[in-house]
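Working through the structure, step by step
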Amino acid sequence: MKTIKQTYTLNNGVKIPKIGFGTWQIEPGKNAYDAVSKALKHGYRHIDTAAAYRNERSVGEALLDSGIKREEVFVTSKLESHIKSYQETLDAFDQTMIELNLDYLDLYLIHAPWPWNAMGKDCKEGNIAAYKAMEKLYREGRVRAIGVSNFNPDDLQNLLDHTTIVPQVNQIAYFIGIDQKATLDFCQDQAIFIEAYSPLGIGYLLENKIVQEVAHKYAVTPAQLAIRWCLEKGTAPLPKSVTESRIIENTLVDFVIAPEDMKTLDAIKGDPRRWN
Ligand code: A2P
């Protein structure tokens, strides 16, 4: 079976397609609608959005217009990073469902352990409160799985110590060159599944000479190699593209990276992302 059709199983038995379509930085409106429509047309059945991306409405419209049955698509959204209280989390979830025009979500995540404009701030109490609201949504059947994003082991331990449901997912920046070993090991021990956002290092990883050489050896593109690397690590990559040919290319990853080449790729160190 092609990788794009394959699934992993979360710690609560829910199945999640191995490759998701990332929508971060896709402008709301026609851009997001077209990109998600193309992704669905070319076989993606896992769409990752967030309230902070401001494109939930366009994602929802593309889902509806695709004509694909709701239960055939795995839809993720995220609680905005500054929301750290119980009632505000419930309210934000209601708004997300209005925007997406859906009656349940497959996965709802706390977007980050701190507000993006106060990275590193101690929000332990707030994360517990927000997560307890997500547990309520889970118990009510309004979400099929819950979890977090950008959480390190300390942030996760805080939830494990004060809440009931072990998160199903931690979505983190994960690509060739970035060291997330402590978080990966912790999540593996707790059966928390890792989703890999920015699997292409927001595109910059594809300029890496070693990545290019190994890709050449397999007669694949650097993007396909980078996506396959995430899969070899047992994570779910969430590549983003607004370009139809790339949306297709990023699904064609039915090859295996040999252990010696994984070793070569694992030796690459450094985060190539640039923010400008
Ligand atoms: P675009 O959306 O203009 O097609 P990431 O998923 O790591 O965040 O990377 C997203 C970036 O990588 C976007 O700039 C996207 O460009 C680019 N990209 C996505 N797929 C490919 C590909 N197959 N080849 C080259 N660049 C790609």
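For the structure itself, look to the data block above.
Scope of this entry: the structure provided in the associated data block. Just so you know, these numbers come straight off a predicted model, no measurement behind them. (Residues numbered from 1 in each chain as written. Predicted model: local features only at pLDDT ≥ 70, side-chain atom pairs only at ≥ 80, totals over all residues. Heavy atoms only, no water.)

1. Remarks on the overall build of the protein
Note the threshold: A run of H or I in DSSP becomes a helix once it reaches four residues, and a run of E becomes a strand once it reaches two; helices and strands are each numbered from the N terminus. When we talk radius of gyration, it's over C-alpha atoms, and the globule rule is simply 2.2 Å times the number of residues to the 0.38. The buried label goes to any residue with under 20% of its type's maximum accessible area, the exposed label to any with over 50%, and the partly exposed label to all in between, with areas taken from a 1.4 Å probe on protein chains only. For every accessible area listed, the method is Shrake-Rupley and the probe measures 1.4 Å; residues are considered covered only by the protein chains on display.
Within the protein, the regular secondary structure consists of 10 helices and 10 strands. Here the C-alpha atoms of the protein give a radius of gyration of 18 Å, agreeing with the 19 Å that 2.2 N^0.38 yields for 276 residues. For the protein, the spread of C-alpha atoms along the three principal axes comes to 55 × 40 × 40 Å. Out of the 276 residues belonging to the protein, those deemed buried represent 55%. For the protein, the exposed area adds up to about 12400 Å²; of that, 50% sits on carbon and sulfur atoms.

2. Focus on helix α10 (residues 259-266)
For clarity, the cut-off: Directions from the helix axis toward the C-beta atoms define the arc. Pairs of residues are marked as contacts when any of their non-hydrogen atoms sit within 4.5 Å.
If you check which residues of α10 are buried, you get D261, M262 and L265. Across the axial projection of α10, the buried residues extend over an arc of 105°, all falling on one side. With respect to the buried face of α10, the exposed residues turned more than 90 degrees away are P259 and K263. On its buried face, α10 is in contact with α7 (209-218) and α8 (222-232).

3. What to know about unusual backbone geometry
Even without being a glycine, A191 presents a positive backbone phi close to 60°. Looking at where A191 falls in the secondary structure, it is placed in the loop between α6 (181-190) and β9 (193-197). One non-glycine residue with positive phi stands out, namely A219, at about 55°. Assignment of secondary structure puts A219 in the loop between α7 and α8.

4. Brief notes about the nonpolar core
Convention followed: Residues enter a nonpolar core if they are buried and are Ala, Val, Leu, Ile, Met, Phe, Trp, Tyr or Cys, with the set joined through side-chain atoms within 4.5 Å.
Grouped together as the largest cluster of nonpolar side chains are 86 residues, with contacts concentrated most on F21, Y108, L225 and L265. Ranked by residue count, the leading element in this core is α8, at seven residues. Here L225 is in contact with V211, V214, A215, V220, F255, I257 and L265, once residues within four sequence places are set aside.

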